[in-house]
Amino acid sequence: MKSFYVLTLFPEMIEQTLSYSITGRAINDGLINVEAVNIRDFTKDKHRHVDDYPYGGGAGMVMQPQPIYDAYKSIGERAEGSRVLYMSPQGRTFDQSMAEELSKEDSIVILCGHYEGVDERVIEEIVTDEVSIGDFVLTGGELAAVTIIDAVSRLVPGVLNKEESHENESFSDGLLEYPQYTRPPEFMGRQVPDILLSGHHANIDKWRREQSIIRTYDKRPDLLEKAELTDKEKKFVQQLKNKER
Ligand code: ADE
């Protein structure tokens, strides 16, 4: 069982978003466990405040350390020794290899910040990894947390069924996916490539592999550097490059 404990001011954002589709099914089947812990439940403030003005002045509010620390402690033994991810644009950028790395953990704790930030001392005390989902600024860590939980969950054995399985997906071998088609054979005058209707599976596999390489070359040439290519495929890439001139 893979457990995700999310420390947040908006537990519904986590629970509801993940209740749909494949993650929802995985939760119902007991393949993953998602527990959102409401930081506000741990405030000792009579007005239930969880934030305060920043020392030194400046705009915005800062989340206080005590409710976050107590929310973390409430998970207890179940999260002992687990990595604690703090969602922040300052963190290491999340990618497929980090998703694979995290999918090997038994449980993960994720701290979502809001307002202008979180008191540095609680970050120092509990956080093991600062993680960003990209070079942009969100209003809070919740959307980043569900993004990570989604990407990690689909790597947990049993979460994807055979049809959904990730053998041929983008990034698994460092290439983008080949184009897909379904019925009808003609749409708005555009035909499905003949080869896909041919029934020659070896030729189809070859065509798809070539299309993956062409797509990666066109859309994300940076990925080709690290992609797993045979010598023949490397020559094919060279041909694509030569064609341009
Ligand atoms: N919180 C705000 N922006 C973020 C980002 N880009 N990634 C992760 N957490 C965030």
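Each residue is numbered by its place in its chain's sequence as written, counting from 1. Per-residue local features of the predicted model are confined to residues with pLDDT of at least 70, and side-chain atom pairs are confined, for both listing and counting, to 80 or more; whole-chain, interface and lining totals are unaffected and use all residues. Side-chain descriptors were evaluated using all non-hydrogen atoms of the structure, hydrogens and water having been removed beforehand.

1. As for the sheet that holds strand β4 (residues 62–63)
The following threshold applies: A strand pair is defined by DSSP finding two or more bridges across the two strands. Only DSSP runs of H or I with at least four residues qualify as helices, and only runs of E with at least two residues qualify as strands; both kinds are numbered from the N terminus onward.
Strands sit in the order β3-β4-β7 across an open sheet of 3 strands; the sheet is mixed. With one partner strand each, in any of the chains shown, β3 (51–52) and β7 (117–118) form the two edges of the open sheet. Examined bridge by bridge, β4 and β7 share 2 bridges and lie parallel to one another. Bridge pairing in β7 links methionine 63 to valine 118.

2. A closer look at the site of the ligand
As a reminder, the rule being used: Whether a residue is near a molecule or strand depends on its heavy atoms: it is near if one of them lies within 4 Å of it. Polar contacts, as counted here, are pairs of nitrogen or oxygen atoms within 3.5 Å of one another; within protein the pair requires one atom able to donate a hydrogen and one able to accept it, and residues that are adjacent in sequence qualify only if both atoms are side-chain atoms. Per-residue and other accessible areas were derived by the Shrake-Rupley procedure at a 1.4 Å probe size, with only the shown protein chains allowed to occlude residues. Ten residue types, Ala, Val, Leu, Ile, Met, Phe, Trp, Tyr, Cys and Pro, are classed as nonpolar, four, Asp, Glu, Lys and Arg, as charged, and the remainder, Gly among them, as polar.
Lining the immediate surroundings of the ligand are Met87, Ser88, Pro89, Val131, Ser132, Ile133, Gly134, Phe136, Val137, Leu138, Gly140 and Ala144. Take glycine 134: an N or O atom from its main chain is 3.1 Å from a nitrogen atom of the ligand. Phenylalanine 136 places a main-chain nitrogen or oxygen 2.7 Å from a nitrogen atom of the ligand. Contact with the protein chains hides 95% of the accessible area of the ligand, taken as 260 Å² for the molecule alone. Listed by contribution, the elements that provide at least two residues to the shell around the ligand are β5 (83–93) and β8 (129–132). By residue number, the principal contributor to the shell around the ligand is β5, which donates 3 residues. Residues belonging to the shell around the ligand are distributed by class as follows: 8 nonpolar, 4 polar and no charged.

Keep in mind that these numbers describe shape and distance, not what the molecule does.
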